[in-house]
Amino acid sequence: MSLAEPWDRYAAGSTPRRTVNAKGETTWLNWTQYADHGPDESVLGPVAGRRVLDLGSGSGSNLAHLVTLGATGQGVDVAPARERVARERWGQMPGLEFRTVDVAAFLHETDETFDVVLSIFGAVWFVDPDTLLPLIRSRMAPGGILAFSHLPPGSQGPKPAEAGLRHDHTPDEWRRILTGHGFSDVRVSLIEPPEGRAVGTMLVRASAA
Ligand SMILES: C[S@@+](CC[C@H](N)C(=O)[O-])C[C@H]1O[C@@H](n2cnc3c(N)ncnc32)[C@H](O)[C@@H]1O
């Protein structure tokens, strides 16, 4: 079975993001599974004028926010339903593009380079890092930033059963894996959950310098 089918079914069951957040903003970036929680895009450093790639971009809302800040954005998602929704919601925004394709296939075929690569509960969590990280690294500009988030290892989380393994790793494992694939300055943090919730969020940031 192709990956597109289970991820398309998953997309059909997911709730669209609100159009306005608690601060009254119409675009924003959220690294966590909780609304109005956790750090913002400053994790990535300045994004104006930067070429940003989102791996597993879903509804495109995080990427659209970066484009409003002056980045150009390429979203890639394997589920056709995601591109439809992302285009409906953000299609008119200059400098923002979406493609329906597996991230590894995209990275193999593109000849572009990116200054920032992000993946929020996205494909970096679902594709073997020994396959994906060399592909990402090969398409990153010197000094580029890779940042991704996922649930802490051992948590129950979002994934259709047919979509294969989830690549949960501890902070030490991510440091070893990323360094082994040529990334430097690897920083892994655990974002505490909001009051009354048990599960936090792992946030990983590395440099392609
Ligand atoms: C849990 S969702 C997160 C979506 C989005 N990043 C967000 O924060 O709302 C995971 C996304 O990754 C996509 N995905 C999973 N594996 C992929 C792959 N190999 N290539 C491209 N997209 C993939 C899925 O279709 C899905 O939209």
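The chain has the name Methyltransferase domain-containing protein in an unreviewed UniProt entry, where Streptomyces aurantiacus is given as its organism.

Visitor: What's the story with the site of the ligand in this structure? I'm lost.
Guide: Around the ligand, a shell composed of 18 residues is seen, among which Gly56, Asp77, Asp102, Val103 and Ile120 lie nearest. Contacts to the ligand include Arg82, whose side-chain N or O atom sits 3.0 Å from an oxygen atom. When the ligand sits alone it has 600 Å² of accessible area, and the protein chains cover 90% of it. The cavity where the ligand resides is the largest pocket. For the shell around the ligand, the secondary-structure elements that each account for two or more residues are α1 (4–12) and α5 (123–126). Residue classes in the shell around the ligand are distributed as 12 nonpolar, three polar and three charged.

Visitor: Even after reading the chapter, I still don't get helix α3 (residues 80–90), so can you show me in this structure?
Guide: An α-helix turns once every 3.6 residues. As a result, residues three or four positions apart point the same way. Residues Ala81, Arg82, Glu83, Ala86 and Trp90 constitute the buried set of α3. Here the buried face of α3 lies against α1, α2 (61–68), β2 (72–77) and β3 (96–100).

Visitor: Would you mind going over the pattern of salt bridges with me for this structure?
Guide: Within the structure shown, the criterion is met by seven salt bridges. Between Arg99 and Glu109 there is a salt bridge, with the nearest N and O atoms lying 2.7 Å from each other. Highlighted residues: Arg99 in strand β3 and Glu109 in helix α4 (residues 103–109), separated in sequence by 10 residues. Of the residues examined, Arg99 reaches a relative accessible area of 33% and is grouped as partly exposed. The partner of Asp172 in a salt bridge is Arg175, with the nearest N and O atoms 2.7 Å apart. With a gap of three residues between them, Asp172 and Arg175 both fall in helix α7 (residues 171–180), about one helical turn apart.

Conventions used here
- Note that residues are indexed from 1 along each chain, following the sequence as it is written.
- Local features in a predicted model are, by the rule used here, given only for residues with pLDDT of at least 70; side-chain atom pairs are given and counted only at 80 or more, and totals for whole chains, interfaces and linings are based on all residues.
- Note that the side-chain values use all heavy atoms of the structure and ignore hydrogens as well as water.
- Near residues are defined by distance, with any heavy atom within 4 Å of the molecule or strand qualifying the residue.
- Polar contacts, as counted here, are pairs of nitrogen or oxygen atoms within 3.5 Å of one another; within protein the pair requires one atom able to donate a hydrogen and one able to accept it, and residues that are adjacent in sequence qualify only if both atoms are side-chain atoms.
- Surface exposure here means Shrake-Rupley accessible area, sampled with a 1.4 Å probe, where a residue is shielded only by the protein chains that are shown.
- Only protein atoms enter the calculation, which uses a 1 Å grid: trapped sets of points that fit a 1.4 Å probe without letting it out are cavities, open sets showing protein on both sides within 12 Å along at least five of seven lines are pockets, and any residue with an atom within 4 Å of a point is a lining residue.
- Placement in a cavity or pocket follows one criterion, namely that more than half of the molecule's atoms lie within 2 Å of its grid points.
- In this text, helices come from DSSP runs of H or I with a minimum length of four residues, and strands from runs of E with a minimum of two, each type numbered from the N-terminal end.
- In the scheme used here, Gly and all other residues not listed as nonpolar or charged are polar, with Ala, Val, Leu, Ile, Met, Phe, Trp, Tyr, Cys and Pro taken as nonpolar and Asp, Glu, Lys and Arg as charged.
- Burial status follows relative accessibility: with a 1.4 Å probe on protein chains alone, a residue under 20% of its type maximum counts as buried, one over 50% as exposed, and anything between as partly exposed.
- For this analysis, residues touch if any pair of their heavy atoms sits within 4.5 Å.
- Salt bridge, as applied in this entry: a Lys or Arg side-chain nitrogen positioned within 4 Å of an Asp or Glu carboxyl oxygen.

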